[in-house]
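# Close look at the chain arrangement
Residue strings, one per chain:
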There are 2 protein chains.
Amino acid sequence: MSLRHGLLGLLAEAPASGYDLAKRFEELLGAVWPARHPQIYGELARLRDEGLIEIESEGARARKVYRLTSEGEGELHRWLLSEPDHTLRYEPLLRSFFFWTLTPAELLDVAVAEAAHYRTLRDTYAQIAQAKEASGHTQTPSGRSVRTTLEAGVRLYDALAEWAEWVSEQARKDQSGSS
Amino acid sequence: MSLRHGLLGLLAEAPASGYDLAKRFEELLGAVWPARHPQIYGELARLRDEGLIEIESEGARARKVYRLTSEGEGELHRWLLSEPDHTLRYEPLLRSFFFWTLTPAELLDVAVAEAAHYRTLRDTYAQIAQAKEASGHTQTPSGRSVRTTLEAGVRLYDALAEWAEWVSEQARKDQSGSS
DNA sequence: ATTCCCATGTAAGCTGTTACATGATTCA
DNA sequence: TGAATCATGTAACAGCTTACATGGGAAT
């Protein structure tokens, strides 16, 4: 149940509507925990039923702004101190188990494309981090946490990029040595 | 639909029963794509209906050994050359967005525990990789692919361990400088 | 005999996605 | 007035987990 805690976490920063939260998930949290609006609206209704959030105000177009209750704050805190769920599900690494069924030429193509993808992501996160620091966004507590997560993204995708390049080098060797 | 391709990939190596496949998922593929036996049995039935796999033999205790058909082989190959789904869903990184709600002391505990977890995983994968190389498991094509995936695991968790240590250092600074 | 492992499956429920639907407001 | 964006939701389906259920075979 990470989605509910993701919502509680965002609301800990500032009150927001379902629409706002859906957007922040897409642009910010989506990189590590994707969520679509139907799921978000449903979860918000449940969180309200359980008293973890409440409606602060209602605006135009049925817009509802939610705010964290103290119960919600407690639940968020309890969650952050509990054992994390380290379950990883990442398709590109599943694929790598079956690389042996590809020819060296095919593997080379795949690995080069993967490396490019990871490099791009790494650079994107590094740039965002730099921009945040330059514009003073890292001086608020939540801004510093975003910086922390970005740092994880940079390191993670840097590692994957180096790995994919290592794979492509091996494929290149296999290719030249096999005929 | 990664589960079905994971099953096809395992069957590309050698025919196996649902039970065998469930075990291999748990011990091998589970690190990047967890799957429980009910899902596996269900998917195998569907794969058989669609002609991607077939029953090679039936043994004691209703044991059914499946084998890849040429259609299945084709589907696996097509999948490996298609665009990967780069969706990542990893709870520990979602949590890091909300680290700012913790006190420096709490964050320090969390980060130290995380670092230990990642170090352990990294070392485990490094050891398995070494053992595989020493015992000649990396000389078969599929063994070399396992080695490739293990290399990703080592690099990935090494990066996360360094990140968590970086986080814990920051928390330590905040702790000493805040009073 | 009993316990453990082998081996398969069903059923219920939860999580998450895609498609559909509706209507208000803003801007060109 | 038409298009884009705001804003919320429902319905159907797909993917995955947990609990339940059954029975054969091997070993002590």
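Everything below is about the structure printed above this text.
Because the structure is predicted, anything quoted here is derived from the model rather than measured.

This brings us to the environment of Leu44 of chain B. Residues and elements named next belong to chain B. Mapped onto the elements, Leu44 comes out in helix H3 (residues 37-49). Relative accessible area serves as the criterion here: at 0%, Leu44 is assigned to the buried category. Taking the C-alpha atoms as reference points, Leu44 and Leu108, separated by 64 residues in sequence, lie 46 Å from one another. Discounting chain neighbours no more than four positions away, the residues touching Leu44 are Leu7, Gly18, Leu21, Ile53 and Tyr66.

Before going further, it helps to examine the protein's contact with DNA strand D. Not every one of the 17 residues close to DNA strand D is listed here, only the nearest: Tyr19, His37 and Tyr41 of chain A together with Met1 and Gln39 of chain B. In DNA strand D, atoms within 4 Å of the protein come 68% from sugar and phosphate. Tyr41 of chain A places a polar side-chain atom, nitrogen or oxygen, 2.8 Å from a phosphate oxygen of DNA strand D. Separating a phosphate oxygen of DNA strand D from a side-chain N or O atom of Gln39 of chain B is a distance of 2.6 Å. Elements represented by at least two residues in the surface near DNA strand D include exactly helix H2 (18-27) and helix H3 (37-49) of chain A together with H3 of chain B.

This part covers the sheet that holds strand S2 (residues 53-58) of chain A. Each strand in a sheet pairs with another by means of backbone hydrogen bonds, the pair being arranged parallel or else antiparallel. All names here are of chain A. Strand order in this open sheet of three strands is S1-S3-S2, and the pairing throughout is antiparallel. Each end of this open sheet is capped by a strand with a single partner; those strands are strand S1 (16-17) and S2. In this structure, S1 lies alongside strand S3 (residues 64-68), joined through two bridges in antiparallel fashion. What sits directly across from Ala16, in S3, is Tyr66. Strands S1, S2 and S3 of the sheet are contacted by helix H1 (residues 2-13), whose axis makes an angle of about 90° with S3.

Quick look at the nonpolar core now. Within the largest apolar cluster, 105 residues are counted, with the highest numbers of intra-cluster contacts made by Phe25 and Ile40 of chain A together with Phe25, Ile40 and Tyr157 of chain B. For Phe25 of chain A, the contacting residues outside a window of four places in its chain are Leu3, Gly6, Leu7, Leu10, Gly30, Trp33, Ala35 and Ile40 of chain A.

Before going further, it helps to examine the interface of chain A and chain B. On the side of chain B, 64 residues touch chain A, which itself brings 64 residues to the contact. Summed over both sides, the interface between chain A and chain B buries roughly 6600 Å², with carbon and sulfur atoms accounting for 68% of that surface. When residues of chain A are sorted by the area they lose upon contact with chain B, Arg95, Phe97 and Trp100 of chain A head the list and together hold 12% of the total. Where chain A packs against chain B, one counts two salt bridges. A salt bridge links Asp174 of chain B to Arg144 of chain A, with the shortest nitrogen-to-oxygen separation between them at 3.2 Å. Connecting chain A to chain B are 29 residue pairs in polar contact (both at pLDDT 80 or more). Elements supplying a minimum of two residues to the side of chain A that touches chain B: H1, helix H4 (70-81), helix H5 (91-96), helix H6 (104-134) and helix H7 (141-177) of chain A. A per-element tally of the side of chain A that touches chain B places H7 of chain A first, with 20 residues. Tallied by class, the residues present in the side of chain A that touches chain B amount to 35 nonpolar, 16 polar and 13 charged.

Calculation criteria
Residues numbered from 1 in each chain as written. Chains lettered and ligands numbered in written order. Predicted model: local features only at pLDDT ≥ 70, side-chain atom pairs only at ≥ 80, totals over all residues. Heavy atoms only, no water. Helix = DSSP H or I, 4+ residues; strand = E, 2+ residues; numbered from the N terminus. Buried < 20%, exposed > 50% of the residue type's maximum accessible area, 1.4 Å probe, protein only. Contact = heavy atoms within 4.5 Å. Near = heavy atom within 4 Å. Polar contact = N/O pair within 3.5 Å; in protein donor to acceptor, adjacent residues only side chain to side chain. Pairing = 2+ DSSP bridges. Axes fitted to C-alpha atoms, helices over the stretch in contact; angles between N-to-C directions. Core = buried A, V, L, I, M, F, W, Y, C linked by side-chain atoms within 4.5 Å. Buried area = accessible area lost by both parts, 1.4 Å probe. Salt bridge = Lys/Arg side-chain N within 4 Å of Asp/Glu carboxyl O. Nonpolar A, V, L, I, M, F, W, Y, C, P; charged D, E, K, R; others polar.

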